[in-house]
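Structural overview
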Amino acid sequence: QVQLVESGGGLVQAGDSLTLSCAASGLTFSSYNMGWFRRAPGKGREFVAAIRLSGYNILYKDYQDSVKGRFTISRDSAKNTVYLQTNSLKPEDTAVYYCAASVHSFIAIQSLRTENAYDYWGQGTQVTVSS
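This structure is a prediction, so every number in the text was calculated from the model and none was measured.

Before going further, it helps to spend a moment on the overall build of the protein chain. For the protein chain, the helix and strand inventory stands at zero helices and eleven strands. Ordered by position from the N terminus, the helices and strands of the protein chain form the series β-β-β-β-β-β-β-β-β-β-β. Relative to the globule expectation of 14 Å for 131 residues, the C-alpha radius of gyration of the protein chain, 14 Å, shows essentially globular dimensions. Judged by the C-alpha coordinates and their principal axes, the protein chain covers about 45 × 30 × 30 Å. The 131 residues of the protein chain split such that 44% are buried.

This is the structure we're talking about:
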């Protein structure tokens, strides 16, 4: 049974920071590519960030333009956890944030921007940013 459980969301003011966590179980964490998506009220789910390892053990990261320079994705294989550090939060960042895992071993980092690249999803954690 594969489970992804997000945590760390909350209600904050503009300019604040939050660290979101996604704890994975039931899978070989080091073999999975991980991503973060978000869904604002009444809107579809959009890509936020992704992370994967290359064949040379180099960590590749990709971000949506609107969060570049503010958000950082990272992973800790020993803890089976992926993180999203969110800084300088804006009201536009208000959404439910989801983590996801992709089993595809050979995939371009750009392909991880699409929902259909992922096989498992968490339930989400709410981030609300007030003005």
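Let's shift gears to the nonpolar core. In terms of nonpolar packing, the biggest core is built from 28 residues, with M34, W36, L84 and Y97 touching the most fellow members. Elements represented by at least two residues in this core include exactly β3 (18-25), β4 (33-39), β5 (45-53), β7 (71-76), β8 (81-86), β9 (95-102) and β11 (125-130). Not counting the four nearest positions on each side in its chain, M34 is found in contact with L4, C22, F29, A50, I51, I73, R75, V82, A100, A101 and Y118. Within the second largest apolar cluster, nine residues are counted, among which are F47, A100, I109 and A117.

Throughout the structure, instances matching the rule amount to six salt bridges. Residue D93 is joined to R70 by a salt bridge in which the shortest nitrogen-to-oxygen separation is 2.8 Å. With D93 in the loop between β8 and β9 and R70 in the loop between β6 (59-63) and β7, this pair connects stretches of sequence that are 23 residues apart. For R70, a relative accessible area of 11% corresponds to the buried category. The structure contains a network of salt bridges with shared partners spanning R38, E46, R70 and D93.

So, about the packing of aromatic side chains. The geometry of an aromatic ring pair is captured by the separation of the ring centres together with the interplanar angle, meaning the angle of the planes. Evaluation of the coordinates by the stated rule reveals five aromatic pairs. Relative to Y118, the ring of F37 lies with its centre 5.3 Å away and its plane at 85 degrees, an arrangement referred to as edge-to-face. Separated by 81 residues along the polypeptide, F37 in strand β4 and Y118 in the loop between β9 and β10 (120-121) bring together distant segments of the chain. Each member of the pair, F37 as well as Y118, is classed as buried. Among the aromatic residues, ring-to-ring pairing joins F37, F47, Y118 and W121 into one connected group.

Here the focus is unusual backbone geometry. Phi angles above zero are rare outside glycine, and N80 is one such case at about 50 degrees. Mapped onto the elements of the fold, N80 is located in the loop between β7 and β8. Here N80 falls in the partly exposed class, since its relative accessible area comes to 24%. Within the chain, S88 stands out as a residue other than glycine whose phi angle is a positive 50 degrees. Relative to the elements of secondary structure, S88 occurs in the loop between β8 and β9.

Mapped onto the elements, T81 comes out in strand β8. Within polar-contact distance, the side chain of T81 engages the backbone oxygen of K79 at 2.8 Å. Those residues in contact with T81 that sit more than four places away from it in its chain are S21, C22, A23, F29, S74, R75 and D76.

Scoring rules and cut-offs
- Residues numbered from 1 in each chain as written.
- Predicted model: local features only at pLDDT ≥ 70, side-chain atom pairs only at ≥ 80, totals over all residues.
- Heavy atoms only, no water.
- Helix = DSSP H or I, 4+ residues; strand = E, 2+ residues; numbered from the N terminus.
- Rg over C-alpha atoms; globule rule 2.2 N^0.38 Å.
- Buried < 20%, exposed > 50% of the residue type's maximum accessible area, 1.4 Å probe, protein only.
- Core = buried A, V, L, I, M, F, W, Y, C linked by side-chain atoms within 4.5 Å.
- Contact = heavy atoms within 4.5 Å.
- Salt bridge = Lys/Arg side-chain N within 4 Å of Asp/Glu carboxyl O.
- Phe/Tyr/Trp six-rings, centres within 6.5 Å; stacked < 30°, edge-to-face > 60°.
- Polar contact = N/O pair within 3.5 Å; in protein donor to acceptor, adjacent residues only side chain to side chain.

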